[in-house]
Amino acid sequence: MESRQLKYFVAVAEELHFGKAAKRLNISQPPLSQQIKNFEEELGISLFRRNKRSVRLTSVGKSLLPEAKNILNLMEKTEKRLKAASSGVAGSLILGYISPTLESELASRIGEFKKAYPQINLSLEEMPTNRQLEEIRQGRIDAGVVRLFKHETKGLKCRVFHAESYALIVPAGHRLTRKEQVHISDLASEPMIFFPRRIQENLYDEWMAVFSRAGFSPEIEQEVETKNAALALVAAGIGISIVPESLSRRAPEEVVFKSMTGNYPPLEIHIVNREDNDNPALRTFLKLIK
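Predicted, not measured: the structure shown is a model, and the values here were computed from it.

**Overview of the nonpolar core**
Inference 1: Core analysis: the biggest nonpolar cluster contains 41 residues, and Leu168, Leu187, Trp207 and Phe211 have the highest contact counts within it.
Inference 2: Ignoring anything within four residues of it in the chain, the contact list for tryptophan 207 reads Tyr166, Ile184, Phe194, Phe195, Ile242, Met260, Tyr264 and Pro265.
Inference 3: Residues Phe9, Ala11, Leu25 and Leu65 belong to the second largest nonpolar core, which totals 21 residues.

Structural data, given as structure tokens:
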């Protein structure tokens, strides 16, 4: 059974006239009559009762008509969906991200994307940078918004999406609040809230080297995995911390942000995907967020 045969059958069944059906299909009548005859012979069933004056559906033909129309409608919808997906205006996209990236313009860009392309099912999954890179390589997510620092990126496309500086956060009333700018060496002997090495080994080691070059080893009071936790502990007066400056937009009043001077790592957010990822929805997303 071919879609062409179903299309011919539906036309004749709805018109109940071979001449009108042929005109509707933009073909001549003899080939249409022959196609319907061949269709009935293939099925071994009579679909029409016809004589010189009329054409009527048999009971089997009547039962086939709604099924044939449903099949043709489904095929048409499927074709449209496939064309939309191949052009990048429909389909699905899985995007990983680290929570600090939502402090950048990422959230608004995602909102713009969802509004512009409602037929693309965008799934967001929060996870650390190292896990995102693994998930991307395994093909479980299409792309990730990550903080790269000396990571292995062979086979991956990496684009800088956002760049900013680090800032120091201290409790309100802390001695360092009186300084216009704080040098890295000013952090010596201060209890510090810092991230665990297992999260970003290379970045952690680089910060330790920064402190060492400044002449001290940091007194890490507490390790935390999120910047929100760092904000909360600094607000409670437990120590000081180094965070992206963009967090200042939602800092509690108990926390003061200070600019830092010194030679410390850059803070860049990258969008990363596999070089061989051919998902058209990803291509659309990357164009929008340039």
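Text resumes after the structure shown.
**Here's the deal with the pattern of salt bridges**
Inference 1: Scanning the entire structure with this criterion turns up 16 salt bridges.
Inference 2: Across the pair glutamate 76 and lysine 80 runs a salt bridge whose closest N-O atoms are separated by 3.6 Å. A residue pair is termed a helical-turn pair when its members lie 3 or 4 positions apart in one helix, as glutamate 76 and lysine 80 do in helix H4 (residues 59-86) at 4 residues.
Inference 3: Via salt bridges that share partners, Glu14, Glu15, Arg24 and Lys69 belong to a single interconnected network.

**So, the confidence of the model for the protein**
Inference 1: Of all residues in the protein, 100% attain a pLDDT of 70 or more, and the chain-wide mean is 92.
Inference 2: When pLDDT is averaged over each helix and strand of the protein, the minimum, 90, is found for H4 and the maximum, 97, for strand S9 (residues 191-194).

**Examining the pairing of strand S3 (residues 91-97)**
Inference 1: Pairing of S3 with strand S4 (residues 120-126) involves 7 bridges; the strand directions are parallel. Bridge assignment links leucine 93 to a residue of S4, and that residue is leucine 122.
Inference 2: Running through helix H5 (residues 106-116), the crossover from S3 to the neighbouring parallel element S4 is right-handed.
Inference 3: Here 3 bridges tie S3 to strand S5 (residues 143-147), and the two strands are oriented parallel to one another. Looking across to S5, one finds that leucine 95 is bridged to alanine 143.

Calculation criteria
Residues numbered from 1 in each chain as written. Predicted model: local features only at pLDDT ≥ 70, side-chain atom pairs only at ≥ 80, totals over all residues. Heavy atoms only, no water. Core = buried A, V, L, I, M, F, W, Y, C linked by side-chain atoms within 4.5 Å. Buried < 20%, exposed > 50% of the residue type's maximum accessible area, 1.4 Å probe, protein only. Contact = heavy atoms within 4.5 Å. Salt bridge = Lys/Arg side-chain N within 4 Å of Asp/Glu carboxyl O. Helix = DSSP H or I, 4+ residues; strand = E, 2+ residues; numbered from the N terminus. pLDDT = per-residue confidence, 0-100. Pairing = 2+ DSSP bridges. Right-handed = clockwise from strand over helix to strand, strands pointing away.

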